[in-house]
Structures are given as structure tokens and as C-alpha cells.
Amino acid sequence: MDIIVLTCLFVFLLIMKVTDYIKNSKETIFSFEIIPPLKGKGIEDICAGIDPLMEFKPPFINVTYHREEYEYKKMGNGLLKKVSVKKRPGTVGICAALMNRYKVDAIPHIICGGFTKEETESALIDLKFLGVDNVLALRGDPMKNEAAFVPTEGGSKYAVDLINQIKDMNNGQYLYEETKNSPSNFCIGAAGYPEKHFEAMNLNSDMKHLKKKVDAGAEFIVTQLFYDNEKYFSFVKKCRDIGITVPIIPGLKPLTTLRHLSFIPKFFHVNFPEELSNELEKCKTNEEVQKIGVEWSIKQAKELIKKEAPVLHFYTMGKGEAVRKIASQVF
């Protein structure tokens, strides 16, 4: 066989859906999420955070997507020019690099913000060609200069719209095509919020929106980070009570810096349990925060494994050392 055939055969053997990994595993799976590097940085900057975690054999790695950020710069003629100030490498390229280097499945985030439906379809076609069979469909965050999320003209407004578009492709129905095409085979994930999405009127309202995403075609749920396991257990029960039967993957993030103590509650809209906050209030250095944060995450992880969580999914923010300390104690 020539090299092209061997490469295609390897990719074919590599592909597996998240739901299949969960179904075929007798134990809780380890996985994590990375963010693309900033403009000008390369694959080695990503790998520095991934390499310490590969000993725990994650079957898949999630790749976030961040919209370009713009500023308006004054020109010599007094006019303003729109300039890209933060652009990260494309998700498709990063997924290809991870699959090639680590022989794992890569799960790209597909977001509404910043994309028309045509651009979304093009990205999905590229991912299908690459052999990516899992995606996480998200609305995405507002731009920094937006008070609320503003959908791109010609794009999807909600995650459920994005899921419907991906499901149509899975059925062979592409945009503006009168006849069916070659179907894709994406296993679609969606986001869940144990403490509710910050824009939802209440948790029950948020649960109804989540049910719509599952009914539209989402096959697994990845939760927002949380620090109180009871929030997750209660969330899972509420899901089951309203007929959501898909796997629900808990998302964990260890606290590692003093900045996290205010940033995480504010940005992610989550609460710290009183037992944890009492310990954090004593911290004076990043090292003290990380020690408590790692210990707390180990405690969380052990309980989640005991209660048979399908996967422990860690938000690394590109830094894997704290997660490695946790994984070494629980996997």
C-alpha cells in the first residue's frame, strides 16, 4: 500500500464516536479541553500543555473556538479601520495536527457567533473530509463590546439551530441543494449548565432549552464547570426526569491562581461551596490556591468516579500540570 492509502486506513481506524467510547468503556474516561494558541504561536505551544496528560490515555481531546477580536484604529485621514487584534489558528488545522501527532480523536467546538450558515457548512465539510466524527455545538459568547450575544447575519442564533443544521448534513441535506448529498456522520454534543445558563430565567427554563437540543439531535452533553458535585448530581436527575437519556459528562477545572477566585464566579457564573471558599479566603499566593484547588478537584473526581460518571472532562486552559496532578491520583 502507498502512504496515502495507509494514512486513510489509519484515520478510518481512529474514528469513533464519543457515545461509542462511553458505551465500550467499563471505567470512567479521562478527557480534556484545550484552547488554540494566540496569533503567532505554533503547535509546540499547545503540546506543552498536552504532553503531560497523554500518559492517562485520553481517547479524545476537545478543541475550543474563539472568535476573532477587533478594534477600530484611527487612520491618517481621520477614518477608522477595523483591525483584527486577536486571531487564533483555525480549529480544523489544530484537529488535524492533534490527530496526527497523538493518534486521538479531536472534537472541535462549532459555534454560532462569527459564522454564516454557509461558512459553518464549509467548516463541517472540511471536518468530514478530515475524518472528524464528533463536534460540540455551542452558541458561543458575546463579543467583548456586546452587551448581549448578537448573531451573525445569515448565521444561527441558538445552539439548537446549529444542531439542526448538522443533523441535516447527517441526513445528506446540505444548504441550497435540492437533492440529498453524501451524508456526514457527526456525533453531536451540547453544553449543559448545572447552575443554569446565566441568561436563562431559571433552571427549569434552561432545562427545557437543553431538552430541545437533545430532541434536535445532540447525543451527549458536556457540563459547564462546577465545584459542588451535588449540583451535577441534581442536574443529571433533572435531565432524566424530563426524558433526557444521553450521557452527561461533568466538566472540571482546578483553581490555580488568585485571579481565579474572582474571575471564575464572575465569568462562568458558578458558586464555590462554603467549605471551599473558607479555605480559599486564607490564600495569599498562587501556590496556596493551586494546592487547595488540586486537592478539591481530586475530591470531586473520586466522588464522580464512584458515582459512575461516564467521563471526567477537564478544562485545562492550555496548562496541563495541575490536571496531571489530579489525574495521577484518580486514574
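Residues numbered from 1 in each chain as written. Predicted model: local features only at pLDDT ≥ 70, side-chain atom pairs only at ≥ 80, totals over all residues. Heavy atoms only, no water.

1. Structural notes on the environment of Val160
Reasoning step 1: Looking at the secondary structure, you find Val160 in helix α6 (residues 159-170).
Reasoning step 2: On the basis of relative accessibility, which here comes to 22%, the residue Val160 falls in the partly exposed class.
Reasoning step 3: Those residues in contact with Val160, other than ones at most four positions away along the chain, are Lys212, Lys213 and Ala216. (Helix = DSSP H or I, 4+ residues; strand = E, 2+ residues; numbered from the N terminus. Buried < 20%, exposed > 50% of the residue type's maximum accessible area, 1.4 Å probe, protein only. Contact = heavy atoms within 4.5 Å.)

2. A word on the environment of Gly154
Reasoning step 1: Summarising the element assignment, Gly154 is placed in the loop between β6 (134-138) and α6.
Reasoning step 2: Take Gly154: its relative accessible area is 46%, and that puts it in the partly exposed class.
Reasoning step 3: Between the C-alpha atoms of Gly154 and Glu119, which are 35 residues apart in sequence, the distance is 9.7 Å.
Reasoning step 4: Not counting chain neighbours up to four residues away, the residues in contact with Gly154 comprise Thr116, Lys117 and Glu118.

3. Brief notes about the confidence of the model for the protein
Where the model shows low pLDDT, its predicted coordinates should not be examined in detail.
Reasoning step 1: Of all residues in the protein, 88% attain a pLDDT of 70 or more, and the chain-wide mean is 89.
Reasoning step 2: Low confidence marks residues 1-13, where pLDDT is under 50. Its contacts with residues over four positions away, or in another chain, come to six contacts. (pLDDT = per-residue confidence, 0-100.)

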